[in-house]
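Notes for the structure review
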Amino acid sequence: MSRKIVPLSPEEIKKMKAACRLAARSLEHVGSFVRAGVTTNELDQIVHDYNLTHGAKPATLGYHGYPKSCCTSINEVVCHGLPDETVLKDGDIINVDVTSLLDGFFGDCSATFFVGEVSDAARDLVEVARLARDKGIEEVRPGALTGDIGFATDKFVSRRGYSTVKEIGGHGIGRTFHDEPFVPAFGKKGRGELLVPWHCITVEPMVNQGVAAFVEFEIPNSSIKYYKTSDNKLSAQFEHTVLITDTGHEILTLP
Ligand code: MF3
Ligand code: CO
Ligand code: CO
């Protein structure tokens, strides 16, 4: 049985917008430090300090035991990559996923960055992942269903020769980090859960260069897992938090 979604009040929407703007600015800030030679722990520290300096908390820190302030998913890592002493090298792609908790509200966004010069194949995958997210967002309006988002996303991705991850996806968000509904990157038109005005969701398709299948890995002392593509080919992702309005949507995680 799904929980009843309570629409945000105008006051709550203001707070949600502030949290999302801060998440987007954190992401933009950390993105400017992505280059060969930097460790993912250094990127994590940058996200941590930026959020604290701006009166927010990095929401992943301590979330189900997750020990870091962001996720850093390099190359074949699909999502939830754990920052560590790994050094970025020329040609890598890295998704940085930042969630800020500000004044009781969560803002969640991610982007995949290039480390130096990347292959044409990597560049194409990353572009498709970004456009796939945007195709999904185009479907967001009151009365639409989560399957409409997934259908548009998967159609676009498969036409470009890539695959979407099925079991992991977007989510409702607001006063709760991971709320209802689940927002899949595949689906059928007219199926799934109803989008209701003045609720927020994330759209965050994971796009794989090869097969959709992935393998999971434990994170010590945490119930959160991280994932790699089962064929070790590349995976890319972009995420926005989006407000469902009375007529359509508004992307909130813009800097
Ligand atoms: N930000 C991720 C998402 O988009 C969730 C990360 S939870 C963590 O939903 F524990 F892995 F950090
Ligand atoms: Co998310
Ligand atoms: Co995220």
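Whatever comes next refers back to the structure up there.
Fair warning: this is a prediction, and the values are worked out from it, not measured in the lab. (Residues numbered from 1 in each chain as written. Chains lettered and ligands numbered in written order. Predicted model: local features only at pLDDT ≥ 70, side-chain atom pairs only at ≥ 80, totals over all residues. Heavy atoms only, no water.)

**Some points on a positive patch on the surface**
Together, Lys135, Lys155, Arg159 and Lys189 line one region of the surface with positive charge. Tracing the backbone through its elements, the reader meets lysine 135 in helix 3 (residues 120-138). On the accessibility criterion, lysine 135 (33% relative accessible area) is partly exposed. (Patch = residues over 30% accessible without salt bridge, like charges linked within 9 Å, V, L, I, M, F, W, Y side chains within 5 Å. Areas by Shrake-Rupley, 256 points an atom, 1.4 Å probe, with all protein chains shown as cover. Salt bridge = Lys/Arg side-chain N within 4 Å of Asp/Glu carboxyl O. Lys, Arg positive; Asp, Glu negative; His and termini not counted. Charge placed at Lys NZ, Arg CZ, Asp CG, Glu CD. Helix = DSSP H or I, 4+ residues; strand = E, 2+ residues; numbered from the N terminus. Buried < 20%, exposed > 50% of the residue type's maximum accessible area, 1.4 Å probe, protein only.)

**Overview of the sheet that holds strand 9 (residues 200-203)**
Pairing in this open sheet of 5 strands is antiparallel, and the strands run 8-7-9-14-15 from one edge to the other. Whereas interior strands pair on both sides, the edge strands pair on one side only; in this sheet they are strand 8 (179-183) and strand 15 (249-251). Put simply, the sheet's adjacent strands are angled 30 degrees from each other on average, direction ignored. In terms of strand pairing, strand 7 (residues 170-173) meets strand 8 through 3 bridges, oriented antiparallel. The residue of strand 8 that forms the bridge with glycine 170 is valine 183. Across the sheet, helix 1 (residues 10-31) is in contact with strand 7, strand 9, strand 14 (240-244) and strand 15; its angle to strand 14 comes to roughly 165 degrees. (Pairing = 2+ DSSP bridges. Axes fitted to C-alpha atoms, helices over the stretch in contact; angles between N-to-C directions. Contact = heavy atoms within 4.5 Å.)

**Let's talk about the coordination of the cobalt ion (ligand 3)**
Distances from the cobalt ion (ligand 3) to its protein donors, Asp97 (OD), Asp97 (OD), Asp108 (OD) and Glu239 (OE), fall at 2.1 to 2.4 Å. Because the angles between the 6 donor atoms bound to the cobalt ion (ligand 3) fall within 58 to 169 degrees, the donor set is best described as irregular. Within one chain, the residues serving as donors to the cobalt ion (ligand 3) are arranged as D-x10-D-x130-E. Between the cobalt ion (ligand 3) and the cobalt ion (ligand 2), a spacing of 3.3 Å is present, and a bridge between the two is formed by aspartate 108. In this pair, aspartate 108 sits in strand 5 (residues 105-114) while glutamate 239 sits in the loop between strand 13 (235-237) and strand 14, placing the two residues 131 residues apart along the sequence. Note on accessibility: aspartate 108 and glutamate 239 belong to one class, buried. (Donors = N, O, S within 2.8 Å, 3.2 Å for Na, K, Ca; no water. Tetrahedral: all angles 85-135°; square planar, octahedral: opposite > 155°, others 65-115°.)

**Some points on the site of ligand 1**
The environment of ligand 1 is made up of 14 residues, and the closest members are Thr60, Asp97, His178, Glu204 and Glu239. Threonine 99 places a polar side-chain atom, nitrogen or oxygen, 3.3 Å from a nitrogen atom of ligand 1. With the chains in place, 97% of the 340 Å² that ligand 1 exposes on its own is no longer accessible. The class makeup of the residues in the shell around ligand 1 is 5 nonpolar, 5 polar and 4 charged. (Near = heavy atom within 4 Å. Polar contact = N/O pair within 3.5 Å; in protein donor to acceptor, adjacent residues only side chain to side chain. Nonpolar A, V, L, I, M, F, W, Y, C, P; charged D, E, K, R; others polar.)

**Focus: the coordination of the cobalt ion (ligand 2)**
Coordination angles at a metal have ideal targets, namely 109.5 degrees for four tetrahedral donors and 90 or 180 degrees for six octahedral donors. Surrounding the cobalt ion (ligand 2) are the protein donor atoms Asp108 (OD), His171 (NE2), Glu204 (OE) and Glu239 (OE), which sit 2.0 to 2.2 Å from the metal. Classification of the site at the cobalt ion (ligand 2) as irregular follows from its 6 donor atoms and the range of 51 to 163 degrees in their angles at the metal.

**Section: the packing of aromatic side chains**
Tallied over the entire structure, the rule returns 4 aromatic pairs. On the numbers, 4.6 Å between centres and 45 degrees between planes, the contact of tyrosine 63 with phenylalanine 177 is tilted. Here tyrosine 63 is found in the loop between strand 1 (57-58) and strand 2 (71-74), whereas its partner phenylalanine 177 is found in the loop between strand 7 and strand 8, with 114 residues between them in sequence. Ring geometry for phenylalanine 106 versus phenylalanine 177: centroids 5.4 Å apart, planes at 15 degrees, classification stacked. Note that phenylalanine 106 is positioned in strand 5 and phenylalanine 177 in the loop between strand 7 and strand 8, a separation of 71 residues in sequence. (Phe/Tyr/Trp six-rings, centres within 6.5 Å; stacked < 30°, edge-to-face > 60°.)

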